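One-letter residues, chain by chain:
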Amino acid sequence: MKLKLGCGHVTGGSVYSQLPGDPSFFFQICRSVPAWRRPIPGGMECLSCGHVSKDEAPKFCSQCGQRLLPAAPLADSENNNPEAMPAPEAEMERGQELREDGGPKVASDLEGEMEHGQELREDGGSLFSPGSSHLPQADPDEPPSSVSLACRRVRREIAAAAQPAEPVGGAGEKVKAKTQNKKQPPASAPASPEHRQEAETKKTAITGDKAGGSEKAKPEGPKKPEGNNKSRVAAVKNEKEQQNRKAGACEVKESPLSQQERITVYFHAIISKDFSFDPSLHKVFVKGGEEFGKPKWSLKVCEMHCTKDLHENGFLVEGSAVLSQQHLNKPIPYKYVVMRSKGHVEYEYIYKHQQSGEHVNRCLRVVAALLGSGGVWHQYDDVVRMRCPGMLQRMMNSLTDGIRKDVVKGKQIAATIMLDSIFSILQTWNAINLKSFFTQFQQFYVVVKVPMIYEGQAQPWHALQYDEKEVKRNLWEYLKKQAVPFLERSGGPLPEDSPVRSKLRMGLIILFAVEKFDIPLSENDLMLLCSLLCSNTGSPGDLDSDLRHIFGICDSWREFLVNLCRRCIVKTVDLWVLTLPVLHHCLLSSPQGRDCRKQPEDTWAALEGIPFSEFRERRLDQTQLVQLMGEQSHLLYVDACLFRSWFSLLPLSNLVSYMKNLMDYLSHFPACILDCLLGTWYRLQEFTEVFGKTLENIEEMFQMLLHLLDIYQDKILEEPLIESYLTVCLRLHETICRITKDQKFYELPALSAEIVCRIITLKPLVQDSAEGPRKEAGKVSVQTVFQSTVTRTRVWLQDIFRESIFYHFYLSPVMFRYQEEIKVWRRLAEISFPVEYGWKEFLMGDLEGRIKQEKPLVQITAFCSPHWDATGLEDSVSKCFEKCVIEAVSSACRSQTSILERISSHDLRKFGTLVSAVITKSWPRNNGEAVDDLDEVLKHLLTWPDIKHLFRLCGTSVWGAGNACSVCLCLPDPRGRGTDYDLVLH
């Protein structure tokens, strides 16, 4: 039977045959070894949650997101040949020892996979970028030991670990059992967050010297064995282990702090190539103040492990330590120490001139507000340097400022390497990794933004002349390089080493940095960021998939996106309008109903917090912006709120072209025509009166709305929106009536009334209103809207026609006071509301009332004046006026007033109907009947005041001689019997 261990090692088939006693003993051994070495049949166990992955060589735990330790490299890993793998004894002799509680014990010679393998961060991230090649390989010169030797050795280790013993110096010694008393909390080598039984170090053969000094131990060098039999190999290995234990010179104990009391600090640094550092021979430790344990500067806080060869830039080293929470937000001094072969120790050198006689150290300050989940802090340091050899070189550096520049350059290089490491977390995109990424990103910035040193106390390193402004500039350049592949793509794939695979996600990461770290951006920078935040997805589902995890990490995305929009508005960068779908998705925005009474415009348009009205008023012509919106119209299909937002961002003069450019979109979403009506209503709210260019823009806008209602009348009216359409159109008409204060602009109220009429006369609405009780509510609503429309129109007419309809001076002809009044009445009367509603009757009743307010003679004179031309007109207004004048003639005749004496013959000739009315109304009557007795008729004609005007009006035939003459006048029959009178006077 073969078993695959958590480290990736597969046991051979002959294991059980060589185990002493019951084969189940093998599993007892496995339970006593660390979790990452336990046999997992066909899988790899996560150190954090214990989940066993069934994937082949997984990098991350699919359950919690932690990065999984890689399997130990095998001699023939490509072919996975069990026979080529080292025997268990060889595996154990790499330095991995066992302790009673199952945790790993790292030896000081070669630390096995834990020395060069992938270190896990507590919150799921990796301590280094993928691709490190510094994993130990099996030694081909050493023959593998037998399985029986390995098993016996394991049993001896377990027995030894179970017995209390005095500590022995050396990094490879065994750890005491958990039941022992613990006194101090220093760190151990890197371990899984779930196995934080961190060890402390005790003072042994090697003691800490002062900062910047060196120290030596005196271990014996290993003797080269002769021969190559297995026993000598084993003996040599045992001797090496003993020497490594002595060289470690410290005792590792578990931390006495509880899970709630401790924080884990991960150190990241770069060992300069000047050290001639060899990871297989040399070691790096952290030493520090008493916060890490007493005596200060004597304990090895943690061992740093080489995780990546940076070639000309040195080596990336990383390690972890445990710190008490009582030291949060407090400065702690520390330094990196390089231990070379034969115990030679060299402290790093910090190139700052001492001011107070105190040693210059690095400064650690763990910010409580930025701790990761489980209490994790990442200390991202720069290059660990050694003191320059030679006095002459040091003098030259001081004179040329070369060291300062070199240190600054080193910080910049280190920052890039650390950022690469942080970004590598995102190679697996999930909520856990995102949270880890953003936490570490903020910790990174806090560490690097202001270089700090500890010289008696924490203080900024001002002499370095590397301030936060330059740090921000360097960080922005790094982020721009990360964005370049997304902006330069021409349909091709992204580079394989790009950890972020989505343009939109990269844009949000950069936006996070800009907002959190207050990075200043130029116009070009804003354009770059907006381009990243313009989604390329084709559906709302794709957009949600792109943003689902990242929006759950931070509660400030709305604030970040709104601030970006504000920045762009200030610097006139229009591309921010393309980022609105992301903002709307962040707010989970959807059309909040279409009743304009319920919400202000910024809420309706999903532009809350954005000064959109100032934006659209800043430039009265936004033709280029309209073109941009047309080019990016695919975004409308992703974001249901975007049509409204863009509508509200454009000035009135560009709205018609906006709707024309998006006719195709409106054909797919005709309900957006209601948004056009609503958006127009919102826009008109800001006016108190219209005139000039604004008047022209509104008139053009209304014509476009009528056009849309005509072409989409069969699609736009859905039953749930009936009330909204009616309500919006009514309010649009009411608003127009409010802001139109000059009768010359009567076309606007007429157009708005036509829009109401167009909605009311839509076929579906008419049918619904006629279907009986079930649709009674709809019918009432239509009737109510009509009544409100006609009422508001009549009020508007009263407001603009406050004076009487006619005016005249003494001996001057009667004139209309308002030159456009008759045009206004005619324009409104021609609107084709359904006859049953009585639109014309309401209006003509009001006109009739205005005319009848004048005296009868004034009405008649106005009707006959050259300012009234009713020839050939049969419209409602002409008929109404004629009706009023005929009634005025009747009134004047009853008062025996001469009607025709004030009318010129020229005017009377145009109005035969009026003359007939005058004769008919003034004819003598007997018992209500017109008299036809010749004597009575003659008497009436001879005494009637208007007879002479009739002679002037109708003409006369005069003949005779001398003083005698005859006059012939043809009069209509006043009795209405079709016989005219031929009157002859002598």
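In what follows, the structure referred to is the one given above.
Note that this is a predicted model, so its numbers are computed, not measured. (Residues numbered from 1 in each chain as written. Predicted model: local features only at pLDDT ≥ 70, side-chain atom pairs only at ≥ 80, totals over all residues. Heavy atoms only, no water.)

Draft legend 1. Spatial organisation of the overall build of the protein. When its secondary structure is counted, the protein shows 35 helices and 22 strands. Counting across all 986 residues of the protein, residues that qualify as buried make up 54%. Within the protein, contacts between residues separated by at least 24 positions form 73% of all contacts whose residues are at least 6 apart in sequence. (Helix = DSSP H or I, 4+ residues; strand = E, 2+ residues; numbered from the N terminus. Buried < 20%, exposed > 50% of the residue type's maximum accessible area, 1.4 Å probe, protein only. Contact = heavy atoms within 4.5 Å.)

Draft legend 2. Inspection of unusual backbone geometry at higher detail. Here the amide bond leading from Lys294 into Pro295 is cis, since omega sits at -5 degrees, within 30 degrees of zero. Turning to its location among the elements, Pro295 is positioned in the loop between strand 7 (283-288) and strand 8 (302-309). Within the chain, Asp518 stands out as a residue other than glycine whose phi angle is a positive 55 degrees. Positive phi, normally seen in glycine, also occurs at Ala606, with a value near 55 degrees. The topology assignment puts Ala606 in the loop between helix 16 (601-604) and helix 17 (612-618).

Draft legend 3. Summary view of the packing of helix 11 (residues 503-516) against helix 12 (residues 523-532). The N-to-C vectors of helix 11 and helix 12 enclose an angle of 135 degrees; their axes lie 7 Å apart at closest approach. Accordingly, the angle class assigned to the pair helix 11 and helix 12 is oblique. In this structure, helix 11 uses Lys503, Leu504, Gly507, Ile510, Leu511 and Val514 to contact helix 12, whose residues at the interface are Leu529, Ser531 and Leu532. Looking at the contact of helix 11 with helix 12 residue by residue, the class counts come to six nonpolar, two polar and one charged. (Axes fitted to C-alpha atoms, helices over the stretch in contact; angles between N-to-C directions. Parallel < 35°, antiparallel > 145°, perpendicular 65-115°, else oblique. Nonpolar A, V, L, I, M, F, W, Y, C, P; charged D, E, K, R; others polar.)

Draft legend 4. Structural view of the nonpolar core. Membership of the largest hydrophobic core comes to 192 residues, with the highest contact counts inside it found for Leu479, Ile550, Trp576, Phe643 and Trp646. Look past the residues within four positions of Trp576 in its chain and what remains in contact with it is Cys530, Cys565, Cys568, Ile569, Ile610, Phe615 and Leu649. Ranked by size, the runner-up nonpolar core spans 30 residues in total, among them Val265, Val286, Val317 and Leu323. (Core = buried A, V, L, I, M, F, W, Y, C linked by side-chain atoms within 4.5 Å.)

Draft legend 5. Here's a closer look at helix 14 (residues 557-570). In a regular helix each residue adds 1.5 Å, so 14 residues correspond to 20 Å; helix 14 covers 20 Å between its end C-alpha atoms and thus fits that length. All buried positions along helix 14 are accounted for by Trp557, Phe560, Leu561, Val562, Leu564, Cys565, Cys568 and Ile569. Residues of helix 14 that are buried sit in contact with helix 9 (431-448), helix 11, helix 12, helix 13 (540-551), helix 15 (580-586) and helix 17. Count one or two residues on from helix 14 and you reach Thr572, which has phi positive near 50 degrees. (Expected span 1.5 Å × (residues − 1).)

Draft legend 6. Structural view of the packing of helix 9 against helix 11. Their axes nearest at 12 Å, the elements helix 9 and helix 11 cross at an angle of 35 degrees. By crossing handedness, the relation of helix 9 to helix 11 is classed as right-handed. For the pair helix 9 and helix 11, the contacting residues are Phe437, Phe438, Phe441 and Gln442 in the first and Ile509, Phe512, Ala513 and Lys516 in the second. Split into classes, the residues belonging to the contact of helix 9 with helix 11 amount to six nonpolar, one polar and one charged. (Left-handed = near helix turned anticlockwise from the far one by under 90°.)

Draft legend 7. Broad picture of the pairing of strand 6 (residues 262-271). Burial of strand 6 is extensive: 10 of the 10 residues sit out of reach of the surface. Taking every second residue as pointing to the same face, both faces of strand 6 are buried, with Arg262, Thr264, Tyr266, His268 and Ile270 on one and Ile263, Val265, Phe267, Ala269 and Ile271 on the other. With 10 bridges connecting them, strand 6 and strand 9 (residues 315-324) associate as antiparallel partners. Paired with Arg262 across the bridge in strand 9 is Ser324. When strand 6 meets strand 13 (residues 376-384), the two strands line up parallel, connected through seven bridges. The partner of Thr264 across the bridge, within strand 13, is Val376. (Pairing = 2+ DSSP bridges.)

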